[in-house]
Amino acid sequence: MKYFDSHCHLGDDAFKEDFDAVYQRALEKEVTRMLVLGWDLPSSRNAVALAKRYKNIYAAVGFHPENLDEVSDEALEQIKELAKEEKVVAIGEIGLDYHWFKDLEPRAKQREWFIKQIELANSLSLPISVHARDASGDTLQILTDHPAKYGAVLHCYSGSVETMKSLSKLGYYFGFDGPITYKNAVEPKECVKACPINRLLTETDSPYLSPVPLRGTRNEPGNIPLIVEKMAELKEINVEEMAEQLNRNFEELFHVKTL
Ligand code: NI
């Protein structure tokens, strides 16, 4: 069985000491495609460098809503150049985070750069990877008014079932990770159950959100089988079928063949 991790931050300092061991463990677990996302310009450059160096790594480049201090039209021009590199398969991660930003001004800035980066993705025929936290209404509004023409995944989806239904009507995908294995996380499980099976993706969001029974430790792409198992259980199908469907979904959105 082959797996993928559609959202991980292998460029994070948490992996500095033992990157190769983490990468090898993923391959041993048959996690053969890892999409590494940047969150600003340096981390996007690093994601592209990792994709060049490692056969099973792909990259996404962009400005995360929590990291807009250095954003500018010039910086976005550089993201655009990076996005033209081979193995860059998405613009991300981009979106809205109202959890940490309560004031109107930073929220307006987030919306402005979210829209600009959707437009960039559209101009490059690339899908987007979306971070949305406590901002369901505006995320839905923006993705309705400014559709991601080449697709989108709502990464670590934490909205309601209702919003998910509206977004899935627009053809978007939903990424789920560690929280679907947490006992107290009711809504993510309900979302997996309600999500059309051809719109589901698995991810780790490494180094964060380790699944049970590894909760609280550093997460890594090799933990993906735990997420797939849980997803299969929630969808009431066998793990092989689940993995095959997920591979089709990943390939359809990011155009990356199964390795
Ligand atoms: Ni992330």
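Sorry, what's going on with the overall build of the protein chain here?
Secondary structure assignment for the protein chain yields 9 helices and 8 strands. The C-alpha atoms of the protein chain give a radius of gyration of 17 Å, which matches the 18 Å a tight globule of 259 residues would have. A principal-axis box enclosing the C-alpha atoms of the protein chain has dimensions of 45 × 40 × 30 Å. Relative to its 259 residues, the protein chain shows a buried fraction of 56%. Across the protein chain, contacts joining residues at least 24 apart in sequence account for 72% of those joining residues at least 6 apart. As presented, the protein chain carries roughly 11,600 Å² of accessible surface, and 49% of it is formed by carbon and sulfur atoms. Distance from the positive charge centre (31 side chains) to the negative charge centre (42 side chains) of the protein chain: 3 Å.

Looking at this structure, I do not really get the environment of E241. What am I missing?
As for its position among the elements, E241 is in helix 9 (residues 239–254). Between the alpha carbons of E241 and H131 there is a distance of 28 Å; along the sequence they are 110 residues apart.

Hey, could you run me through the sheet that holds strand 7 (residues 173–176) in this one?
What links the strands of a sheet is backbone hydrogen bonding, and the strands pair in either a parallel or an antiparallel sense. Pairing in this open sheet of 8 strands is parallel, and the strands run 1-2-3-4-5-6-7-8 from one edge to the other. Here the strands that pair on one side only, and so sit at the sheet edges, are strand 1 (3–8) and strand 8 (200–202). Strand-to-strand twist in this sheet, taken as the mean axis angle between neighbours without regard to direction, amounts to 30 degrees. Sheet strands touched by helix 2 (residues 41–53): strand 2 (31–37), strand 3 (57–61) and strand 4 (88–97). Its angle to strand 3, the strand with the most contacts, is close to 160 degrees. Here helix 4 (residues 104–123) sits on the sheet in contact with strand 4 and strand 5 (128–133), set at roughly 160 degrees to strand 4.

Before we go on, may I ask you to explain the layout of surface pockets in this structure?
Any space left empty among the atoms is revealed by the rolling of a water-sized probe across them. For the largest pocket, the calculated volume is near 650 Å³. If you go around the largest pocket, you meet 26 residues; those closest to its centre are H131, R133, C156, D205 and L209. Sorting the residues of the lining of the largest pocket by element identifies strand 4, strand 5 and helix 7 (186–194) as the ones contributing at least two each. Ranked by the residues each element gives to the lining of the largest pocket, the list is headed by strand 5, at 3 residues. The residue makeup of the lining of the largest pocket, split by class, is 11 nonpolar, 7 polar and 8 charged.

For this particular structure, what's the right way to read the packing of helix 2 against helix 3 (residues 73–83)?
Pairs of packed helices are described in terms of their axes, by the angle between the two and the distance that separates them. At their nearest, the axes of helix 2 and helix 3 sit 11 Å apart, and the two run at 5 degrees to each other. When the interaxial angle is binned, helix 2 and helix 3 end up roughly parallel. Contact residues: L41, S44, R45 and V48 in helix 2; A75, Q78, I79 and L82 in helix 3. Looking at the contact of helix 2 with helix 3 residue by residue, the classes come out as 5 nonpolar, 2 polar and 1 charged.

What am I meant to see in the nonpolar core here?
Within soluble globular proteins, side chains that are nonpolar generally end up buried alongside one another. L10, I57, I91, F114, I128, F176 and F254 are the most contacted members of the largest nonpolar core, which totals 83 residues. Ignoring anything within four residues of it in the chain, the contact list for L10 reads F15, F19, V22, M34, V36, L50, I57 and P221.

Just checking my understanding: could you explain the pairing of strand 4 for this structure?
Note on strand geometry: in a regular strand, side chains alternate between the two faces of the sheet. Taking burial as the measure, the 10 residues of strand 4 include 10 buried ones, the bulk of the element. Where strand 3 and strand 4 come together, 3 bridges link them in parallel fashion. Across the sheet, the residue bridging to V61 is I91, located in strand 4. Pairing analysis gives 5 bridges linking strand 4 to strand 5, with the strands arranged parallel. Pairing of I91 across the sheet is with I128, part of strand 5.

Can you help me understand the coordination of the nickel ion in this one?
Metal coordination angles in their ideal form are 109.5 degrees for the four-donor tetrahedron and 90 or 180 degrees for the six-donor octahedron. Those protein atoms acting as donors to the nickel ion are H7 (NE2), H9 (NE2), E93 (OE) and D205 (OD), and they sit at 2.0 to 2.7 Å. Between the 4 donor atoms coordinating the nickel ion, the angles at the centre fall across 84 to 172 degrees, so the site counts as irregular. Binding-site remark: the nickel ion is held by donors from one chain whose sequence spacing is H-x1-H-x83-E-x111-D. In this pair, H9 sits in the loop between strand 1 and helix 1 (19–28) while D205 sits in the loop between strand 8 and helix 8 (224–235), placing the two residues 196 residues apart along the sequence. In terms of burial, H9 and D205 fall into one category: buried.

Calculation criteria
Note that residues are indexed from 1 along each chain, following the sequence as it is written. Given that the model is predicted, a residue must reach a pLDDT of at least 70 before its local features are reported, and side-chain atom pairs must reach 80 or more before they are shown or counted; all residues, however, enter totals for whole chains, interfaces and linings. Hydrogens and waters are ignored; side-chain quantities use all the structure's heavy atoms. Runs of H or I in DSSP of at least four residues are treated as helices and runs of E of at least two as strands, each being numbered from the N terminus. We compute the radius of gyration over the C-alpha atoms and compare it with the globule rule, which gives 2.2 Å times the number of residues raised to the power 0.38. Burial classes: relative accessible area under 20% of the type maximum marks a residue as buried, over 50% as exposed, and values in between as partly exposed (1.4 Å probe, protein chains only). In this description, contact between two residues means that some pair of their heavy atoms is separated by no more than 4.5 Å. Throughout, the Shrake-Rupley method with a 1.4 Å probe supplies accessible areas, and for residues the shown protein chains are the sole cover considered. As used throughout, the charge tally considers Lys and Arg to be positive and Asp and Glu to be negative, leaving His and the chain termini uncounted. Positions of charges follow a simple convention, taking NZ of Lys, CZ of Arg, CG of Asp or CD of Glu. Here, a strand pair is defined by DSSP locating no fewer than two bridges between the strands. Note on geometry: axes are C-alpha line fits, over the in-contact stretch for helices, and angles between N-to-C directions span 0 to 180 degrees. Grid points spaced at 1 Å and placed over the protein atoms alone form the basis of the search, with a cavity being a set where a 1.4 Å probe fits but cannot get out and a pocket an open set showing protein on both sides within 12 Å along at least five of seven lines. Lining residues have an atom within 4 Å of a point. Grid points are joined across faces, edges and corners, and a volume is the space filled by probe spheres set on the points. All amino acids are sorted into three groups, where Ala, Val, Leu, Ile, Met, Phe, Trp, Tyr, Cys and Pro are nonpolar, Asp, Glu, Lys and Arg are charged, and the leftover types, Gly among them, are polar. Note on angle classes: values under 35 degrees are labelled roughly parallel, values over 145 roughly antiparallel, values of 65 to 115 roughly perpendicular, and the remainder oblique. Nine residue types can take part in a nonpolar core, namely buried Ala, Val, Leu, Ile, Met, Phe, Trp, Tyr and Cys, and a core is a set of them joined through side-chain atoms within 4.5 Å. The donor set covers N, O and S atoms within 2.8 Å of the metal, switching to 3.2 Å for Na, K and Ca, and it leaves out water, so a site may look short of donors. Every geometry call rests on angle ranges, with four donors termed tetrahedral when all angles are between 85 and 135 degrees, four termed square planar and six termed octahedral when opposite donors are over 155 degrees apart and all others are between 65 and 115, and everything else termed irregular.

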